[in-house]
Amino acid sequence: MNDICKRLHEDFNHLNRFSFPFNPHNTPSNGIYILFEKGERAHGMDRIVRVGTHTGNNQLPSRLQQHFIQENKDRSIFRKNIGRALLNLKHDPFLQSWELDLTSRANKDKYEKGIDPDKKKATERSVTEYIQANFSFVVLKLNDKDQRLDLESKLISTVSLCPQCPPSPQWLGQYSPKIKIRESGLWLVNELYKQPLSEGEYQYFKQHMIQN
């Protein structure tokens, strides 16, 4: 399994890399994205720090914009997790407000008046600046939703189960209040430590998604 993780890192490190600013029209409409973060290394290469996808059809460009550009942590769990770590690093009590999800009308009515709008805006801006300055990504085209979700899960599990992919001591995720993020070295709490890619699945993946 460690060998498969190393080969995945080799494959992804050699794909066309995107960083901010990027043109969303240059990415596939459907697929999986793999994130790298400055300063993070594994297997002698840039370390995978997040794998993600989307559920709606033709929504990959929109999903990437929700992470990198749109300042709404309730539309991007990735942004929310970055904000959690930045606030926790500073022992900022605004973390308690940051945890609140204002997506629903009921929650907006219940919580929004108690949240400092200027602090919320400043925190969103800090998250955007950190993401745009520190993350790059590669993408895999994959149109079928079920296949995307299955591959996403197995890629996450393969990396999270690899003992050669620890985070660096200075990694921002070390300050996450989420223990799964700190322990896995990934900006993720779901699909960790499940079923990794088998050798046969890796070979199919390599032939049909990397070499084509």
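What you see is a predicted model; the values in this text were computed from it and never measured.

Cut-offs and rules
Residues numbered from 1 in each chain as written. Predicted model: local features only at pLDDT ≥ 70, side-chain atom pairs only at ≥ 80, totals over all residues. Heavy atoms only, no water. Pairing = 2+ DSSP bridges. Helix = DSSP H or I, 4+ residues; strand = E, 2+ residues; numbered from the N terminus. Contact = heavy atoms within 4.5 Å. Axes fitted to C-alpha atoms, helices over the stretch in contact; angles between N-to-C directions. Salt bridge = Lys/Arg side-chain N within 4 Å of Asp/Glu carboxyl O. Parallel < 35°, antiparallel > 145°, perpendicular 65-115°, else oblique. Left-handed = near helix turned anticlockwise from the far one by under 90°. Nonpolar A, V, L, I, M, F, W, Y, C, P; charged D, E, K, R; others polar. Core = buried A, V, L, I, M, F, W, Y, C linked by side-chain atoms within 4.5 Å. Buried < 20%, exposed > 50% of the residue type's maximum accessible area, 1.4 Å probe, protein only. Expected span 1.5 Å × (residues − 1). Phe/Tyr/Trp six-rings, centres within 6.5 Å; stacked < 30°, edge-to-face > 60°.

Peer 1: Tell me what's going on with the sheet that holds strand E3 (residues 45–52), and back it up with residues and numbers.
Peer 2: Each strand in a sheet pairs with another by means of backbone hydrogen bonds, the pair being arranged parallel or else antiparallel. On the basis of which strands lie adjacent, the open sheet formed by four strands has the order E1-E4-E2-E3 and antiparallel pairing. Edge positions in the open sheet fall to strand E1 (18–19) and E3, since each of these has one partner strand only. Sheet topology note: the strand E2 (residues 31–42)/strand E4 (residues 135–141) ladder contains seven bridges and is antiparallel. Pairing of glycine 31 across the sheet is with lysine 141, part of E4. Contacts between helix H2 (residues 60–68) and the sheet are confined to E2, E3 and E4, with E2 contributing the most and set at about 35° to the helix.

Peer 1: Run through the pattern of salt bridges, naming residues and quoting values.
Peer 2: Following the criterion strictly, the structure yields 15 salt bridges and no others. One salt bridge connects aspartate 11 with lysine 206, and the closest N-O pair in it is separated by 2.6 Å. A residue pair is termed long-range when its members are at least 10 positions apart, and aspartate 11 in helix H1 (residues 2–13) and lysine 206 in helix H9 (residues 199–210) qualify at 195 residues. A salt bridge links arginine 47 to glutamate 40, with the nearest nitrogen and oxygen atoms 2.8 Å apart. By sharing partners, the salt bridges in this structure join Asp3, Arg7 and Glu199 into a single network.

Peer 1: Can you explain the packing of H2 against helix H3 (residues 77–89)? Please cite residues and give values.
Peer 2: Between H2 and H3, the least distance of the axes is 8 Å, while the angle of their chain directions is 15°. As the angle between them shows, H2 and H3 are arranged roughly parallel. Where H2 crosses over H3, the two elements pack in a sense that is right-handed. In this structure, H2 uses Arg63, Gln66, His67 and Phe68 to contact H3, whose residues at the interface are Ile77, Phe78 and Arg79. Looking at the contact of H2 with H3 residue by residue, the classes come out as three nonpolar, two polar and two charged.

Peer 1: Tell me about the nonpolar core, and name the residues and values.
Peer 2: Residues Leu35, Ile82, Phe135, Phe137 and Trp187 are the most contacted members of the largest nonpolar core, which totals 28 residues. Looking at this core, the elements that each hand over two or more residues are E2, H2, H3, helix H4 (95–98), helix H6 (117–134) and E4. Looking at which element gives the most residues to this core, the answer is H3, with five residues. In this structure, Phe12, Ile48, Leu140 and Leu142 belong to the second largest nonpolar core, which totals 27 residues.

Peer 1: Quick one: what's the story with H1, residue by residue and with numbers?
Peer 2: The end-to-end C-alpha distance of H1, which contains twelve residues, comes to 16 Å, matching closely the 16 Å that a straight helix rising 1.5 Å per residue would cover. Of all the positions in H1, only Ile4, Cys5, Arg7, Leu8, His9, Asp11, Phe12 and Asn13 are classed as buried.

Peer 1: Give me the lowdown on the pairing of E2, citing residues and values where you can.
Peer 2: For E2, a buried count of nine out of twelve residues is recorded, marking the element as mostly surrounded by other parts of the structure. Note that E2 and E3 share six bridges and pair antiparallel. Residue pairing for E3: arginine 41 is matched across the bridge by aspartate 46. Counting the residues that bridge the hairpin from E2 to E3 gives two residues, and of these histidine 43 lies at a positive phi of roughly 55°.

Peer 1: I'd like a rundown of the packing of aromatic side chains, residues and numbers included.
Peer 2: Under the criterion given, the structure shown has nine aromatic pairs. Aromatic side chains phenylalanine 18 and phenylalanine 137 sit 5.3 Å apart centroid to centroid with 15° between the ring planes, which places their arrangement in the stacked category. Separated by 119 residues along the polypeptide, phenylalanine 18 in strand E1 and phenylalanine 137 in strand E4 bring together distant segments of the chain. Of the two residues, phenylalanine 18 and phenylalanine 137, neither departs from the other in class, the shared state being buried. Consider the rings of phenylalanine 22 and phenylalanine 137, whose centres lie 5.0 Å apart with planes at 85°: the pair is edge-to-face.

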